[in-house]
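# Architecture at a glance
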There are 2 protein chains.
Amino acid sequence: MTKTKSIELNDPTIIRSAAIAKALGHPARIAILKLLAQRKTCFCGDITEVLPLAQSTVSQHLKALKSAGLITGEVEGVRTCYCLNPDGIKDLKSLLSELSSELIKTCC
Amino acid sequence: MTKTKSIELNDPTIIRSAAIAKALGHPARIAILKLLAQRKTCFCGDITEVLPLAQSTVSQHLKALKSAGLITGEVEGVRTCYCLNPDGIKDLKSLLSELSSELIKTCC
DNA sequence: ACTTTTAATCGCAACATTGCGATAAATTAC
DNA sequence: GTAATTTATCGCAATGTTGCGATTAAAAGT
């Protein structure tokens, strides 16, 4: 007898979808994902070399992508090897394509 | 001879994808889109009635979705009628599904 | 005319994001 | 051991986001 509104914003599916979308919500992070798709594997320095951003900034974007579960980062000696995380990318595909079909069904 | 980094972050496709993803990057906005898909059409008040958020907050989320091109809002007398915007939803589907296929191809 | 209804906007507070340079931590090379 | 390399983290500034209540603006009902 406390709830009056009927839509919950804590639905795990919606939360996860929003988190993934948020991680995609910056051009640099999309560019990083595409780069990882091309090269399969990248050190942080490889990415910094290629993006017009400072190393610390790239490192932050990598951290965001990692905590959204979209990439993995394994320490290899001095460096860290970043890869796409298949599980996360599957979530991205399934959740967002499910959402967009749900939306497109009624509006088009 | 000013550019040294090879990846541009001003690629319009990447920018548009990021903008769409950013608009999806909050649970309330995803919930609003789903609600519009269900009901085809909503006034701001319908949405406020159903979400655990104040009217002003809902209005702000609607503004964000509208400026990302995902919904339209037509004034009808005192009220505003919100709908999914087919063009925007098509962008959402094509850009994000294109991105996720591109990513999933190499990682899975 | 006045009140009610609806939605947008303002003002505010709290917090998050983006970006950078500088620094720290850890491994590798000498 | 010392120096060089690589990445993460810190500190900082600027800006953006999220949320609310209060107010404004505009239309509709009385």
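Details of the structure are given in the entry above.
Now for a description of the structure that goes with this document. No experiment lies behind these values; they were computed from the predicted model shown.

Moving on, we get to the sheet that holds strand S2 (residues 71-76) of chain B. Residues and elements named next belong to chain B. Strand order in the open sheet formed by three strands is S1-S3-S2, with antiparallel pairing between adjacent strands. The two strands at the open ends of the sheet, each matched to only one other strand, are strand S1 (42-43) and S2. The pairing of S2 with strand S3 (residues 79-84) spans six bridges and is classified as antiparallel. Across the sheet, residue Thr72 finds its bridge partner in S3, namely Cys83.

All right, on to the sheet that holds strand S3 (residues 79-84) of chain A then. All names here are of chain A. The sheet built from three strands is open, its strands ordered S1-S3-S2 with antiparallel pairing. Looking at strand neighbours, the two that pair on one side only are strand S1 (42-43) and strand S2 (71-76), the edges of this open sheet. For S1 and S3, the ladder comprises two bridges, and the chain directions are antiparallel. Counted as the bridge partner of Cys42 is Tyr82 from S3.

What follows is about the packing of aromatic side chains. Scanning all chains against the criterion turns up zero aromatic pairs over all chains. If you follow B:Arg79 out to its NZ or CZ, it ends over the ring of B:Phe43, 4.1 Å from the centre.

The rules behind these values
Residues numbered from 1 in each chain as written. Chains lettered and ligands numbered in written order. Predicted model: local features only at pLDDT ≥ 70, side-chain atom pairs only at ≥ 80, totals over all residues. Heavy atoms only, no water. Pairing = 2+ DSSP bridges. Helix = DSSP H or I, 4+ residues; strand = E, 2+ residues; numbered from the N terminus. Phe/Tyr/Trp six-rings, centres within 6.5 Å; stacked < 30°, edge-to-face > 60°. Lys NZ or Arg CZ within 6 Å of the ring centre and 35° of its normal.

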